[in-house]
Amino acid sequence: MMIANLASSARASATRRSAGVAAAAALRTRTLASAAPDAAPSKRTALYDFHVAHGGKMVPFAGWDMPLSYPDKSHIQSHFHTREAASLFDVSHMLQTRWVGKDATAFIESLVVGDIAALAPTTATLSLFTTESGGILDDTVIQREAAGDSLYVVSNAGCADKDLAHIRAHLAEFTAGGKRDVAVEVLADHALLALQGPTAVAALESLAGRSLADLKFMQGATMSLRGIPTPVHVTRCGYTGEDGVEISVPNAHAAALADLLVKQPGVALAGLGARDSLRLEAGLCLYGHDMDESVSPVEATLLWTIGKRRRAEGGFLGSDKILSQIGGPITKRRVGLTVQGAPAREGATIVNPATGELIGKVTSGVPSPVLKKNVAMGYVAGGFHKAGTEVGVVVRGKTQKAVVTKMPFVPHQYYRG
């Protein structure tokens, strides 16, 4: 029995190692492929030296040098550590902006689908920048600051240049008459740290010197932390499906804060490898892969981001096309998949198992460390999107069985009080 148990344990360990290697390899391919041979040198966050000092394996991602992993934990170990304790991620490559002025809300509502006017002070929402043709320009988190008239906005690093060009062009048009009061400030002097996992808030509380039980999911607060000379802005949110926070801190104090956080009990550093598998288990999209300008919010199954008032009034870019799709026929829809056999990676084709007809493609896929099965996200033709529908996924020329599965694959653990 002992020999059998040891053999079983060894096989399970080998499976976990294999899954970790496969997922890390896929993420490396994704990050390296995003850096063209003649691309400009990657930018560095305020924590670059901190990552190098801690042995971070740096790779290009969205125009930045970012840590893929650290030597003390494999990808799988880092993934489970986030699910069971707390991990610290550098997300300083994200675009942070502040929108100010009495017309800031009206202006941002002309560009995004959310009901931003309904946001109470300190609360936040996920929203989408859209194009005139109804596609998704980027996804973003928008928070109304305590002052009321100002908005704190976080957008994707890979979309920073096009987002800013888009915002500035529409801002010039919006303020052309000279009577509207709005300005958009890029917070280039601030880093962003994501502390994620069931013990993340407890670690932050030890530095804040108080309970954060009053800070619920998608709420923010400015607070002082022990050892950091200036206040920081904390939002209870994240990209892993776990409870956690994102901390906006001046660049000058980012390394000091990171050092304080990793010294807290149970906190470990984590990189892009774990972040990608965590977000996919949580059913969260990666822009440029699971959604882009060719996909509408309805097709991406993100209809919930469009507030009731916005559905009635419209008024955002592409609203006529997007709103016409609600309740109407659409040609494709984003779904989750559980896949038998080898992992289905981005680009794998999805077929009708009865006829072999092409019905869609995979946009993201990894072996799920928690579920011990392969999960993926992709788009399928209408009629194949309902949970429980069996489809085929072509991997290395072989059609494997897959089932449309409701997301998230792993339940969210957001703190709602």
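Preceding block: the structure.
Computed from a predicted model, the values in this text were never measured in an experiment.

Turning next to the packing of aromatic side chains. What describes a pair of aromatic rings is the distance from one ring centre to the other and the angle between the planes of the rings. As enumerated under the stated definition, the model contains four aromatic pairs in all. Ring centres of Trp99 and Phe107 lie 5.5 Å apart, and the angle between their planes is 35°; on these two criteria the pair is classed as tilted. Like Phe107, Trp99 is buried. Look at Phe107 and Phe174: their rings are 5.1 Å apart centre to centre, the planes differ by 45°, and that puts the pair in the tilted class. Of the two residues, Phe107 sits in helix 4 (residues 104-109) while Phe174 sits in helix 5 (residues 160-174), which places them 67 residues apart along the sequence. For the pair Phe107 and Phe174, one class covers both residues: buried. Through a chain of ring-to-ring contacts, three or more aromatic side chains come together here, namely Trp99, Phe107, Phe129 and Phe174. Between the NZ or CZ atom of Arg44 and the centre of the ring of Tyr48, over which it lies, the distance is 3.9 Å.

The full count for this structure, using the stated rule, is 15 salt bridges. Across the salt bridge formed by Arg44 and Asp65, the nearest N and O atoms sit 3.8 Å from each other. Placement of Arg44 in strand 1 (residues 43-44) and of Asp65 in strand 3 (residues 64-69) is noted, with a sequence separation of 21 residues between them. Arg44 gets classed as exposed once you look at its relative accessible area, which sits at 52%. Residue classification places Asp65 among the buried residues on the basis of a relative accessible area of 17%. Note that Glu109 and Arg309 form a salt bridge whose closest N and O atoms lie 2.5 Å from each other. A residue pair is termed long-range when its members are at least 10 positions apart, and Glu109 in helix 4 and Arg309 in helix 9 (residues 308-313) qualify at 200 residues.

What follows deals with the pairing of strand 15 (residues 332-339). Judged by how many residues are buried, strand 15 sits mostly within the fold: six of eight residues are covered. Bridge analysis of strand 15 against strand 18 (residues 373-381) gives eight bridges, and the strand direction is antiparallel. Bridge pairing in strand 18 places Arg333 opposite Val380. Inspection of the sheet shows strand 15 paired to strand 20 (residues 398-405) by four bridges, in the antiparallel sense. The residue of strand 20 that forms the bridge with Val339 is Ala402.

Before going further, it helps to examine the pairing of strand 13 (residues 244-250). For strand 13, a buried count of seven out of seven residues is recorded, marking the element as mostly surrounded by other parts of the structure. Taken together, the seven bridges between strand 10 (residues 190-196) and strand 13 define a ladder with antiparallel strand orientation. When the bridges of strand 13 are listed, Leu195 appears paired with Val245. In this structure, strand 12 (residues 232-235) lies alongside strand 13, joined through three bridges in antiparallel fashion. Bridge pairing in strand 13 places Val234 opposite Ile247.

At the junction of Met407 and Pro408, the peptide bond is cis and its omega measures out at 5° in the coordinates. Along the chain, Pro408 turns up in the segment after strand 20. You will see that Lys372, though not glycine, has its phi angle at about 60°, which is positive. Within the secondary structure layout, Lys372 lies in the loop between strand 17 (358-368) and strand 18. For Arg396, which is not glycine, the phi dihedral falls at a positive 55°. Here Arg396 is to be found in the loop between strand 19 (390-395) and strand 20. With a relative accessible area of 77%, Arg396 lands in the exposed category.

Judged by nonpolar contacts, the single largest core of 33 residues is most densely connected at Leu88, Leu193, Leu195, Leu204, Leu225, Leu257 and Leu261. In contact with Leu193, other than residues within four places in its own chain, are Leu47, Leu88, Phe89, Val91, Val245, Glu246, Ile247, Val249, Ala254, Leu257, Ala258 and Leu261. Among the nonpolar cores identified, the runner-up in size contains 22 residues, and Leu280, Met291, Leu302 and Val375 belong to it.

On to the side chain of Ser150. Among the secondary structure elements, Ser150 is positioned in the loop between strand 7 (136-144) and strand 8 (151-155). Classification of Ser150 as buried rests on a relative accessible area of 9%. Separated by 2.7 Å, the side chains of Ser150 and Glu145 make a polar contact. Each residue touching Ser150, except ones within four places of it in the same chain, is listed here: Trp99, Val100, Gln143, Arg144 and Glu145.

Rules behind the numbers
- Residues numbered from 1 in each chain as written.
- Predicted model: local features only at pLDDT ≥ 70, side-chain atom pairs only at ≥ 80, totals over all residues.
- Heavy atoms only, no water.
- Phe/Tyr/Trp six-rings, centres within 6.5 Å; stacked < 30°, edge-to-face > 60°.
- Buried < 20%, exposed > 50% of the residue type's maximum accessible area, 1.4 Å probe, protein only.
- Helix = DSSP H or I, 4+ residues; strand = E, 2+ residues; numbered from the N terminus.
- Lys NZ or Arg CZ within 6 Å of the ring centre and 35° of its normal.
- Salt bridge = Lys/Arg side-chain N within 4 Å of Asp/Glu carboxyl O.
- Pairing = 2+ DSSP bridges.
- Core = buried A, V, L, I, M, F, W, Y, C linked by side-chain atoms within 4.5 Å.
- Contact = heavy atoms within 4.5 Å.
- Polar contact = N/O pair within 3.5 Å; in protein donor to acceptor, adjacent residues only side chain to side chain.

The values reported here are purely geometric and, on their own, carry no functional implication.
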